[in-house]
Amino acid sequence: MEELDRCLITGCRASQAPIWLTSWLRSGIKCMRPFTVTRNIDRSECKIRQAVRVKAIVTGGAGFIGSHLVDRLLSDGYSVTVLDNMSCGRLDNLGEHRDDERLVVHSVDIRDLKRLGELFRGHDVVFHMAAHADIRASLRDHRADLENNLIGTLDILEAMVENGVRDLVFASTSALYGEAFAMPTPEDYSPVQTSLYGASKLACEAYAEAYTEFSPLRFWSFRFSNVVGERCRRGVIWDFVHKLRRNPRELEILGDGKQSKEYLYVKDCVEGMMTGYGKTSEKVNTFNLAIEEQTIVDRVADIVIEEMGLRNVKRMYTGGSRGWIGDNPVVVLSIDRIKKLGWNPKVSSEEAIRRTVRWTLNEVKG
Ligand SMILES: NC(=O)c1ccc[n+]([C@@H]2O[C@H](COP(=O)([O-])OP(=O)(O)OC[C@H]3O[C@@H](n4cnc5c(N)ncnc54)[C@H](O)[C@@H]3O)[C@@H](O)[C@H]2O)c1
């Protein structure tokens, strides 16, 4: 661990100083740097003479959401170690931090337990974003979710316990609710699975929960709805832009165009994770992260067509209420639990979709 500046706390009783310092860290109040108290040398003056920079691992940190999380952690003062096998990740997602010595990137698969052991030592928290996250692809490859998601998470859990890393913050998904009957769907809903991807994420959560029973591990799970924004290189917006660039007169839409989802802006998603992680400290903490705004696929098509400056585009529907097997046609998550901690998305779904389209057009224009 790296030693940082001295830190003087005034205005509280000496015995409370370390508690204050750690609770600032976890309460979402923005400090110049995050500190972990290791020693309170002079209690009478409330001086914390030795403090350390929090060291985070981000698995999948070169991917879409992971790279935005890395941006945020570095700006909050963390040291960050990214572990990514680069199957979908890209170094240019982290390009703006090229010269930042606090960021180290390792090209490694999370199922390489031996390497994980070497790399986890000395870290405080793992943000586990790496996953096989393509529901349609797992219809062809039935082992992909099991191996990348569940076995990968099991290896992360083992490496954490072996190396004394206590906090696991996990990127979960609304897909694990299947086609829920209860809407808005709360975190304690008992779901029926409709995809191998959703099933694997639910199993990851179950494993992590079980680990908290026999180890000091603490677990945060954030179940995201559809996340969009800059660096998003898959999903409906990426698909529509590419189809329309190939043929600006016609757009194939999977399903009937009426699938209704919540599109959460990526920076709001990251803010939600940091809020939940900062403000709760149960052994197991589970939150939905979504936006209370529904957008149907046809409306996404409207925005893409508008932003591309196209007219008279003929829409061809493949039919059925689902785009593919495992596509849940309506997703409405309850976000009451995370809202009670003071989080609310700032960017509307329409604006998030528009920003993503603009970024995508800029990205593919070359
Ligand atoms: N994008 C969304 O709308 C959404 C919604 C719900 C949940 N999630 C979850 O959020 C997380 C991030 O998703 P994303 O959209 O940024 O996806 P992404 O594919 O851009 O990022 C995943 C990253 O993990 C890496 N990775 C995959 N398998 C790996 C392995 N075995 N070892 C090491 N690295 C590996 C990939 O190279 C990639 O960089 C995932 O866990 C995903 O399931 C995403």
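Our structure's up above, just so we're on the same page.
Residues numbered from 1 in each chain as written. Predicted model: local features only at pLDDT ≥ 70, side-chain atom pairs only at ≥ 80, totals over all residues.

Once that is clear, we can look at the pairing of strand β9 (residues 167–173). Here β9 lies mainly inside the structure; 6 of its 7 residues are buried. Summarising the sheet, β9 and strand β10 (residues 218–224) pair through 7 bridges and their orientation is parallel. Residue pairing across strands places A171 opposite F222, the latter belonging to β10. Regarding the hand of the β-α-β motif, the stretch spanning β9, helix α6 (residues 196–214) and β10 is right-handed. (Buried ≥ 20, exposed ≤ 12 C-beta atoms within 10 Å, placed from the backbone. Helix = DSSP H or I, 4+ residues; strand = E, 2+ residues; numbered from the N terminus. Pairing = 2+ DSSP bridges. Right-handed = clockwise from strand over helix to strand, strands pointing away.)

Turning our eyes to something else, we now look at helix α7 (residues 236–246). Along α7, the positions that sit buried rather than exposed are V236, I237, F240 and L244. For α7, the buried positions fall inside an angular range of 95 degrees around the axis, keeping them on one side. Counted as exposed and oriented over 90 degrees from the buried face of α7: H242 and R246. (Arc of directions from axis to C-beta.)

This paragraph deals with the packing of helix α5 (residues 144–163) against α6. With their axes 9 Å apart at the nearest point, α5 and α6 run at an angle of 15 degrees to one another. Classified by the interaxial angle, the pair formed by α5 and α6 is roughly parallel. Handedness of the α5/α6 crossing: right-handed. From α5, D145, L146, N149, L150, T153, L154, L157 and V161 reach across to α6, where they touch L196, Y197, S200, K201, A203, C204, Y207, A208 and Y211. (Axes fitted to C-alpha atoms, helices over the stretch in contact; angles between N-to-C directions. Parallel < 35°, antiparallel > 145°, perpendicular 65-115°, else oblique. Left-handed = near helix turned anticlockwise from the far one by under 90°. Contact = placed C-beta atoms within 7 Å.)

Moving on, we get to unusual backbone geometry. Omega for the peptide link from M183 to P184 comes to -5 degrees, which places this bond in the cis form. When you line up the elements, P184 lands in the loop between β9 and α6. Here M86, not a glycine, exhibits a phi torsion of approximately 65 degrees, which is positive. Turning to its location among the elements, M86 is positioned in the loop between β6 (79–84) and β7 (103–107). When the 13 C-beta atoms within 10 Å are taken as the criterion, M86 is described as partly exposed. Its identity is not glycine, yet N312 carries a phi of approximately 50 degrees, on the positive side. Note on placement: N312 falls in the loop between α9 (297–307) and β17 (314–317).

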